[in-house]
Amino acid sequence: HWQALSGSVAAARRPLTVLLLAVLPLLSAAGTPTAAAIEEDEEQPQGAERLYHSVRPRPWVGGVMAVAGMVLTAVALRRGMRRRQTATWRRVTATMLGASAAYVGLTLSLRGYVAGYFPMSNGYETQQAMALLCLLAPRAVWRRVPLLAPLGMVAGGLALLVSALAHGQAGIGTLPPVLSSPLLSVHVTLVMCAYALLALIVCCAAIALTSRRQGAYLAHVEMVLLVPALFLLTAGILTGALWADISWGRYWGWDPKEVWALVTLLVYALPLHGRQLPAFRRPLFLHAYLLAAFVAVLMTWAGVNLLMGGLHSYA
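Predicted model only: the values in this text are computed from it and were never measured.

### Re the overall build of the protein chain
Point 1. Across its full length, the protein chain holds 11 helices and zero strands.
Point 2. Secondary structure of the protein chain in N-to-C order comes out as α-α-α-α-α-α-α-α-α-α-α.
Point 3. The burial tally for the protein chain puts 49% of its 315 residues in the buried class.
Point 4. Here the protein chain has roughly 15000 Å² of accessible surface; of this, 68% comes from carbon and sulfur atoms.

Shown next, in the form of structure tokens:
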């Protein structure tokens, strides 16, 4: 089915995709020639680094992605999530999702090339990585669940907006030796993939609470996404423990980030025990719980750094 869809859509979306990929970097670069921005980037580099600083995501780019995703979500909800969406909606959604993912992937690749390391070493980079994963995740299942495509744009746009507002870590510097382990890259990638799926789950929960007609259907979608999200989060915590033993000499030290990662895992594991906890069989309760549970993700991802600090304050 995917091959048939991609073949029919490719011819229609190629010109628009090329236009978006050409216009977004130019518009992004147009908003930055201020003295403050140049001073913040320390000095104007050459080659790939100059290109990276010119196309680096600005706050408005993430805002445009999020708003576009909201508009496409509203159109899908109005027509009905279970009904087959129109060819125009599918083309526009596939084009915007692909162009957005290509743009974020380009900026991350340029940053990694210029820096000389895998670009997931601090909060600024991991937020952009999460934006990219939110944009890529729906591609695998959007034929069965079309709503996930625009929701991925909403979640990815918001993550990109947050990262673009964090100017403090936007500069490229030397990577500390403790962060140069390939195991750390695997750890962060697994955790970000889990967070991307959890972001899609919370979007589905928010939609379900405002559109009761699709509550049971979205509850099924949430549970389908929750299983791989928990697997990835568990694998991320375990690889993080292995990296901590190599870098800090212990697998687990009850650092605030570690504690909240464990709390997040336990919070999201509860809905899988619907047989022992009958409340999770009710779609309304499940949606409300998953919406509130995302607070644990936000606390683990950003709240710990802002409120508690610790060994993971760089992330």
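### So, the nonpolar core
Point 1. With 72 residues, the main nonpolar core has Met192, Tyr195, Leu198 and Tyr268 as its most contacted residues.
Point 2. For this core, the secondary-structure elements that each account for two or more residues are helix H4 (59–79), helix H5 (87–115), helix H6 (123–136), helix H7 (148–165), helix H8 (182–210), helix H9 (215–248), helix H10 (256–269) and helix H11 (283–307).
Point 3. With 19 residues, H8 is the largest single contributor of residues to this core.
Point 4. With residues near it in sequence (within four places) discarded, Met192 still touches Thr126, Met130, Leu133 and Trp301.

### Structural notes on H6
Point 1. Helix length check: H6 (14 residues) gives 20 Å between terminal C-alpha atoms against 20 Å at 1.5 Å per residue, within 8%.
Point 2. Buried residues dominate H6, accounting for 13 of its 14 residues.

### Some details on the pattern of salt bridges
Point 1. Summed over the entire model, instances satisfying the criterion amount to two salt bridges.
Point 2. Across the pair Glu125 and Arg111 runs a salt bridge, and its minimum N-O distance is 2.7 Å. One end of the pair, Glu125, is in helix H6; the other, Arg111, is in helix H5, and 14 residues separate them in sequence.
Point 3. A salt bridge links Glu258 to Arg250; the nearest nitrogen and oxygen atoms lie 3.0 Å apart.
Point 4. On the accessibility criterion, Glu258 (7% relative accessible area) is buried.
Point 5. Given the relative accessible area of 19%, Arg250 is considered buried.

### Observations concerning a nonpolar patch on the surface
Point 1. On the surface, a cluster of nonpolar side chains totalling about 240 Å² of accessible area is made up of Val67, Val71 and Val75.
Point 2. Summarising the element assignment, Val75 is placed in helix H4.

### Here we look at the packing of aromatic side chains
Both the distance between ring centres and the angle between the ring planes are used here to describe each pair of aromatic rings.
Point 1. Following the criterion strictly, the structure yields four aromatic pairs and no others.
Point 2. Each ring, one from Trp252 and one from Trp254, has its centre 5.6 Å from the other, and the planes form 85°; the classification is edge-to-face.
Point 3. Taking relative accessible area as the criterion, Trp252 reaches 29% and is therefore assigned partly exposed.
Point 4. In textbook terms, an aromatic cluster arises when at least three aromatic residues are bridged by ring pairs, as seen for Phe280, Phe285 and Tyr289.

### Examining the packing of H5 against H7
Point 1. Between H5 and H7, the least distance of the axes is 10 Å, while the angle of their chain directions is 30°. Considered as vectors, H5 and H7 are oriented roughly parallel to each other. Here H5 and H7 pass one another in a crossing that is left-handed. On H7, the residues that touch Trp89, Thr93, Met96, Leu97, Ser100 and Val104 of H5 are Ala149, Pro150, Met153 and Leu160.

### Focus: the environment of Ser54
Point 1. Topologically, Ser54 is positioned in helix H3 (residues 48–55).
Point 2. Between the C-alpha atom of Ser54 and that of Thr107, which follows or precedes it by 53 residues, the distance is 9.7 Å.
Point 3. Side-chain polar atoms of Ser54 contact the backbone oxygen of Leu51, separated by 2.6 Å.

### What to know about the confidence of the model for the protein chain
Point 1. Averaged over every residue, the pLDDT of the protein chain is 76; residues scoring 70 or more account for 75%.
Point 2. Per-residue pLDDT, averaged within each element of the protein chain, yields its smallest value for helix H1 (residues 2–30) (40) and its largest for H10 (91).
Point 3. Low confidence marks residues 1–45, where pLDDT is under 50. Its contacts with residues over four positions away, or in another chain, come to 44 contacts.

### A look at the environment of Ala302
Point 1. With respect to the secondary-structure elements, Ala302 resides in helix H11.
Point 2. For the pair Ala302 and Gln127, spaced 175 residues apart in sequence, the C-alpha separation works out to 9.8 Å.

### A short note on the side chain of Thr107
Point 1. Residue position: Thr107 is located in helix H5.
Point 2. A distance of 2.8 Å separates a polar side-chain atom of Thr107 from the backbone oxygen of Val104.
Point 3. Filtering out sequence-adjacent residues up to four positions away, Thr107 remains in contact with Tyr52, Val55, Arg56, Pro57 and Gln128.

### Some words on the side chain of Glu125
Point 1. Taking the relative accessible area as the measure of exposure, Glu125 reaches 0% and is therefore buried.
Point 2. In this structure Glu125 touches Leu108, Arg111, Tyr117, Phe118, Pro119 and Met120, once residues within four positions along its chain are discounted.

### Considering H5
Point 1. Compared with an ideal rise of 1.5 Å per residue, which puts 29 residues at 42 Å, H5 spans 42 Å between its outermost C-alpha atoms and is within 8% of the ideal.
Point 2. Of the residues trailing H5, Gly116 is marked for its positive phi of about 85°.

### A look at the packing of H3 against H5
Point 1. Axis separation between H3 and H5 bottoms out at 9 Å; the angle between their running directions is 145°. Viewed along their axes, H3 and H5 form a crossing whose handedness is left-handed. Contacts between H3 and H5 involve Ala48, Glu49, Leu51, Tyr52 and Val55 from the former and Tyr103, Thr107, Leu110, Arg111, Tyr113 and Val114 from the latter.
Point 2. Residues of the contact of H3 with H5, tallied by class, amount to eight nonpolar, one polar and two charged.

Thresholds, definitions, all that
Residues numbered from 1 in each chain as written. Predicted model: local features only at pLDDT ≥ 70, side-chain atom pairs only at ≥ 80, totals over all residues. Heavy atoms only, no water. Helix = DSSP H or I, 4+ residues; strand = E, 2+ residues; numbered from the N terminus. Buried < 20%, exposed > 50% of the residue type's maximum accessible area, 1.4 Å probe, protein only. Areas by Shrake-Rupley, 256 points an atom, 1.4 Å probe, with all protein chains shown as cover. Core = buried A, V, L, I, M, F, W, Y, C linked by side-chain atoms within 4.5 Å. Contact = heavy atoms within 4.5 Å. Expected span 1.5 Å × (residues − 1). Salt bridge = Lys/Arg side-chain N within 4 Å of Asp/Glu carboxyl O. Patch = residues over 30% accessible without salt bridge, like charges linked within 9 Å, V, L, I, M, F, W, Y side chains within 5 Å. Phe/Tyr/Trp six-rings, centres within 6.5 Å; stacked < 30°, edge-to-face > 60°. Axes fitted to C-alpha atoms, helices over the stretch in contact; angles between N-to-C directions. Parallel < 35°, antiparallel > 145°, perpendicular 65-115°, else oblique. Left-handed = near helix turned anticlockwise from the far one by under 90°. Polar contact = N/O pair within 3.5 Å; in protein donor to acceptor, adjacent residues only side chain to side chain. pLDDT = per-residue confidence, 0-100. Nonpolar A, V, L, I, M, F, W, Y, C, P; charged D, E, K, R; others polar.

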